[in-house]
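Spelled out, the chains give:
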Amino acid sequence: CYENQIPLSTQQELVAKVFRAISKRGDDLCNFVDNFTEWPTPDTRIIYRRYATLCFVFIVDSSESQLAILDLIQVFVETLDRTFENVCELDLIFHSDKVQHALMEMVMGGMVVETSRDDIIRSLGEMSKISSSKGNASSPITASGYHR
């Protein structure tokens, strides 16, 4: 949804609505919120998974397999755990570029392209080597092409 240049204030409202929908759910409920009508597109579903103090959320339409997305979240978290040696909130905040790279290795253009944790970690290592060998500290652009 964000690829359609939604204003930042609207993005923040959507994140707040998703948070409210998830945070009020008990641990005894499933990890799916079907027919999330507060999202700007119809037929929207929230799929999430809690790990200790972290909560990973994917917003999808009904054509996506709920179990496949839960598996994708699992692989993503395992990748982050291996990358950061027990991922925590601070890793996500201070190394958001590495988190973004991991997600970009898994999902491109809305399609899941890689689910092998080992292949993702190997690719992240290669990106890290490339950026460090080019003296990335003097460049304002990261290996992903995003400005710092």
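Read on for a plain summary of the structure. Keep in mind that this is a model prediction, so the values were computed, not measured.

What counts and how
Residues numbered from 1 in each chain as written. Predicted model: local features only at pLDDT ≥ 70, side-chain atom pairs only at ≥ 80, totals over all residues. Heavy atoms only, no water. Axes fitted to C-alpha atoms, helices over the stretch in contact; angles between N-to-C directions. Helix = DSSP H or I, 4+ residues; strand = E, 2+ residues; numbered from the N terminus. Parallel < 35°, antiparallel > 145°, perpendicular 65-115°, else oblique. Left-handed = near helix turned anticlockwise from the far one by under 90°. Contact = heavy atoms within 4.5 Å. Nonpolar A, V, L, I, M, F, W, Y, C, P; charged D, E, K, R; others polar. Pairing = 2+ DSSP bridges. Buried < 20%, exposed > 50% of the residue type's maximum accessible area, 1.4 Å probe, protein only. Phe/Tyr/Trp six-rings, centres within 6.5 Å; stacked < 30°, edge-to-face > 60°.

How two helices pack is summed up by the angle between their axes together with the distance between the axes. Where helix 4 (residues 96-106) meets helix 5 (residues 117-133), the axes come as close as 10 Å, and the angle between the chain directions of the two elements is 130°. As summarised for this structure, helix 4 and helix 5 are arranged oblique, according to the angle between their axes. Helix 5 is crossed by helix 4, and the crossing has right-handed handedness. Touching Lys98, His101, Ala102, Glu105 and Met106 of helix 4 are Ile120, Ser123, Leu124 and Met127, all from helix 5. Its residues placed into classes, the contact of helix 4 with helix 5 shows five nonpolar, two polar and two charged.

Turning to the sheet that holds strand 1 (residues 32-33), a few remarks are in order. The antiparallel open sheet is built from three strands, whose spatial order is 1-2-3. Looking at which strands have only one partner, the edges of the open sheet turn out to be strand 1 and strand 3 (54-61). Across two bridges, strand 1 lies against strand 2 (residues 44-51) in antiparallel orientation. Counterpart to Phe32 in the pairing with strand 2 is Ile47.

Structurally, Thr44 can be placed in strand 2. Residue class for Thr44 comes out buried when judged on its relative accessible area of 4%. What Thr44 contacts, discounting residues up to four positions off in sequence, is Val33, Asp34, Asn35, Phe36, Trp39, Ile59 and Val60.

A few words on the packing of aromatic side chains. Per the counting criterion, the structure on display carries two aromatic pairs. Ring geometry for Tyr51 and Phe56: centres 6.0 Å apart, planes at 75°, overall edge-to-face. No difference in accessibility class separates Tyr51 from Phe56, as the two residues are buried. Both rings, one in Phe56 and one in Phe76, keep their centres 5.8 Å apart while their planes meet at 90°; by these two values the pair is edge-to-face. Pair noted here: Phe56 is in strand 3 and Phe76 is in helix 2 (residues 66-84), with a separation of 20 residues, a long-range link.

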